[in-house]
Amino acid sequence: MTSADLADFPHPPPDHRIAYSTDPLQFCDLRLPNGDGPHPVAIFIHGGQWKAEFDISHSDKLTDALARNGIATWSLEYRRVGNEGGCWPGTFLDIGQGVDHLRNIADQYALDLAQVITMGHSAGGHLAIWAAARTNIPVDTELGVEDPLSVRGVLGLAPAADLRGLQTTQFCGDVINQLMGGSPDEYPDRYRWGDPVELSAGDLPQLLIIGKYDLVWAPAGLSYYKIAKARGDNVQMVEATESGHFEMIDPDSSTWPLVLSSASRLFRDA
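Just so you know, these numbers come straight off a predicted model, no measurement behind them.

Chemist: Give me the pattern of salt bridges: which residues, what numbers.
Modeler: Taken as a whole, this structure holds eleven salt bridges when the rule is applied. Ionic pairing is found between R17 and D29, a salt bridge with its closest N-O pair at 2.7 Å. Residue R17 is located in strand 1 (residues 16–19), and its partner D29 is located in strand 2 (residues 27–31); the two are separated by twelve residues in the primary sequence. Residue classification places R17 among the exposed positions, given a relative accessible area of 53%. Take D29: its relative accessible area is 0%, and that puts it in the buried class. The partner of D147 in a salt bridge is R103, and the shortest N-O contact between them spans 3.5 Å.

Chemist: Hey, could you go over the environment of R103 for me, with residue numbers and the actual values?
Modeler: Turning to its location among the elements, R103 is positioned in helix 3 (residues 102–105). Taking the C-alpha atoms as reference points, R103 and A128, separated by 25 residues in sequence, lie 17 Å from one another.

Chemist: So, the pairing of strand 6 (residues 153–157): which residues are in play, and what are the values?
Modeler: Along strand 6, five of the five residues are buried, which leaves the element largely enclosed by surrounding structure. Of the two faces of strand 6, the one holding G153, L155 and L157 and the one holding V154 and G156 are both buried throughout. Assessed by its sense of winding, the connection that carries the chain from strand 5 (residues 111–121) through helix 4 (residues 123–133) to strand 6 is right-handed. Here strand 6 runs beside strand 7 (residues 206–211); their pairing, made up of four bridges, is parallel. Each bridged residue has a counterpart across the sheet, and for G156 the counterpart in strand 7 is L208.

Conventions used here
- Within each chain, residue numbers correspond to sequence positions counted from 1 in written order.
- Where local features are concerned, this predicted model is filtered to residues with pLDDT of at least 70; where side-chain atom pairs are given and counted, the filter is 80 or more; whole-chain, interface and lining totals use all residues.
- Water and hydrogen atoms were dropped before computing side-chain values, which therefore reflect all heavy atoms in the structure.
- Salt-bridge detection follows one rule: a side-chain nitrogen of Lys or Arg within 4 Å of a carboxyl oxygen of Asp or Glu.
- Runs of H or I in DSSP of at least four residues are treated as helices and runs of E of at least two as strands, each being numbered from the N terminus.
- The classification of residues rests on relative accessible area computed with a 1.4 Å probe and restricted to protein chains. Under 20% of the type maximum is buried, over 50% is exposed, and intermediate values are partly exposed.
- By the criterion used throughout, a crossover qualifies as right-handed when its path from the first strand across the helix to the second strand runs clockwise, the strands pointing away from the viewer.
- Strands are treated as partners if at least two bridges between them are detected by DSSP.

These results come straight from atomic positions and should not be treated as a statement about function.
Structure (structure tokens):
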């Protein structure tokens, strides 16, 4: 499966589209399971190399499938490279604000704030790990906020979570320089608080799924896993033996049961 195949994905509408701030890109799609709740919630962050041309729509199929399997989904749209207000710090602030906005709607939609995970694919995997770790960002820094929402764990699907490595190799062109405004040498504090290689999630359970046939993005996920494991983070990696980069976000693929069971495992065991 390639990125071109995503164009054929269906786009089931959300139950609710809810703004978390004033920009047209600052909204979340809420999908609810059947039943009265309270529902566990996966905060989902889509990928697409952090770029404006890849929006929330290609993740509709996945978030709809999670909701049909008993997990409410709070799917974040956010300003990206190429959007006004995107890049540093706007992209990160959007993710944090969208995550925290879940508190404002939890009672209305019977969402269980004690049963929340972050989840993301590729660039969204980086942001999902960052969102889960941001409780460790000091309040007096550019991305720091009072009392960020705590989560039970994070599920990274092919997470592009080594920004320093991607910037050094220029693997995805100049996108990391655009996202962060420059290199780690130029902006060490930005990487300190925005790159999960440097910002540890500590004891928070992290589960990473990396495709066996993902020859393009797997190295970034594996690099992050090795660094996080070596420093003592609570991180596990699972190889998706029948997946490349995109099969894991397709609920019709043979990899979907692994993704679904991994999300359920975080709710159960974290």
